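Observations on the three-dimensional arrangement
Below are the chains, spelled out letter by letter.
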Amino acid sequence: MTLRSFDRVADLYDRTRGYPPAVAGRIADGIVQALSDHTALDGRLLDVGAGTGRHGLGLAQRGVRYVGVDIARGMLERFRARDRAAAARLLLAEASRLPFRDASFAAALTVHVLHVVPDAERMVAEMRRVVRPGGVLLLGMDRWTQRLRDELYRRLQETFAEGERPPPPRTDAMVTQQMADRLEERGWYLEYRVLATIGRRTSAAEVLGSIERRTWSWTWQVREEPLRRALQQLRQDLLAEGGDLDRAVDDRGEFVLHVARPAG
Ligand SMILES: C[S@@+](CC[C@H](N)C(=O)[O-])C[C@H]1O[C@@H](n2cnc3c(N)ncnc32)[C@H](O)[C@@H]1O
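Scope of this entry: the structure provided in the associated data block. (Residues numbered from 1 in each chain as written. Predicted model: local features only at pLDDT ≥ 70, side-chain atom pairs only at ≥ 80, totals over all residues.)

So, the overall build of the protein chain
Worth spelling out the cut-off: Per the convention used, a helix needs a DSSP run of H or I reaching at least four residues, while a strand needs a run of E reaching at least two, with both numbered from the N terminus. Only C-alpha atoms enter the radius of gyration, while the globule expectation follows 2.2 Å times N to the 0.38, with N the number of residues. Note on burial: count the other C-beta atoms lying within 10 Å of the residue's C-beta; 20 or more is buried, 12 or fewer is exposed, in between is partly exposed, and C-beta positions come from the backbone. Residue pairs are scored as contacts if the distance between their C-beta atoms, which are placed from the backbone, is within 7 Å.
In terms of regular secondary structure, the protein chain is built from nine helices and seven strands. Over its C-alpha trace the protein chain gives a radius of gyration of 19 Å, about what one expects of a compact globule, namely 18 Å for 264 residues. Sorting the 264 residues of the protein chain into buried and exposed places 34% on the buried side. Counting only contacts in the protein chain whose residues sit at least 6 apart along the sequence, the fraction spanning at least 24 positions is 77%.

Structural data, given as structure tokens:
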């Protein structure tokens, strides 16, 4: 897998992935709580794949000594534009080669990134390297219990012609859970905190339109023609089944934080 910079979606990222302010606030409060429960708040927090500051902005605003890295200049520029007090320190850097000395942070956080890097194990190893003894790793993710997009992804996969079918998307929840399990196997203590319930209203027309516009990263690898054909077929199938593509439905889930502490 090659590097997946989010520069191509920087302008629409907050519109398509943003949380309502109250939810973003609850998530930031929960992360600050996890930091204060397990490590001194005076230490620095590294956020790998900081993006536009969906979580980072609230952390920096709450006085966390926040350092965010990302490979996408456009995403960090949006973060900077929102961070009026310039509370966050932001740098261009790649997750598998973090430009920091060993043990230089109190904690390292990542949210919604492990599924898009070529080597998630390597990224977690780098996060471990830069966190000081006694520090924590925080792996955050959205865990959807009901999401129209997942159902339509499955249908779309089945609709691709034989030989044109792309591999199923690796979801963030899947890879994050895998990395949390690996840490536990290595003797780390894992704690699972639900910080907020999340949800949004959507429709099949909106989801299919987003796939067509390649809003989500798994579509970036899919060839144009097979994707166009599969989407057209899926739209026809849904209509033939009597589906109303514009009917609004609720996606539901929760924001989960895995808090990992080394044993001993
Ligand atoms: C889905 S976004 C998540 C951003 C933010 N953490 C959030 O939850 O909104 C993934 C981010 O990871 C960045 N990214 C992808 N691969 C990376 C890598 N190898 N090293 C650093 N950042 C990376 C992308 O550019 C993008 O900003």
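Here the narrative resumes, following the displayed structure.
Considerations on the environment of Ile 198
You can see Ile 198 is positioned in strand β6 (residues 189-202). Here Ile 198 falls in the partly exposed class, since 19 other C-beta atoms lie within 10 Å of it. Each C-alpha atom of the pair Ile 198 and Leu 234 lies 27 Å from the other, and the pair is 36 residues apart in sequence. The residues contacting Ile 198, other than those within four sequence positions of it, are Tyr 19, Val 23, Asp 142, Gly 253, Glu 254 and Phe 255.

Overview of the pairing of strand β2 (residues 65-70)
Put simply, the rule is: Any two strands are treated as partners once DSSP identifies two or more bridges connecting them. Looking down the strands as they point away from the viewer, one classifies a crossover as right-handed if the path from the first strand across the helix to the second runs clockwise.
Burial within β2 is extensive, with five of its six residues counted as buried. In this structure, strand β1 (residues 44-48) lies alongside β2, joined through five bridges in parallel fashion. Pairing of Leu 46 across the sheet is with Val 67, part of β2. Handedness of the crossover joining β1 and β2 through helix α3 (residues 56-61): right-handed. In this sheet, strand β3 (residues 89-92) lies alongside β2 in parallel orientation, the contact comprising four bridges. Across the sheet, residue Asp 70 finds its bridge partner in β3, namely Leu 92. Tracing the backbone out of β2, into helix α4 (residues 73-82) and back to the parallel element β3 gives a crossover that is right-handed.

Quick word on the nonpolar core
Threshold: Nonpolar cores are identified as sets of buried Ala, Val, Leu, Ile, Met, Phe, Trp, Tyr and Cys residues joined via C-beta atoms within 7 Å.
If you look at the biggest cluster of nonpolar residues, it comprises 57 residues, and the most contacted ones within it are Ile 31, Leu 45, Ala 107, Ala 108 and Leu 138. Ignoring sequence-local partners within four residues, the contact set of Ala 108 consists of Leu 46, Val 48, Met 127, Val 130, Val 131 and Leu 137. Formed by eight residues, the second largest nonpolar core is a distinct cluster that contains Leu 152, Val 207, Ile 211 and Ala 230.

Some words on the environment of Ala 180
Inspection of the secondary structure puts Ala 180 in helix α7 (residues 172-185). When the 23 C-beta atoms within 10 Å are taken as the criterion, Ala 180 is described as buried. Spatially, the C-alpha atom of Ala 180 lies 7.6 Å from that of Leu 139, the residues being 41 residues apart in sequence. Setting aside anything within four residues of it in sequence, one finds Ala 180 in contact with Leu 139, Leu 190, His 258 and Ala 260.

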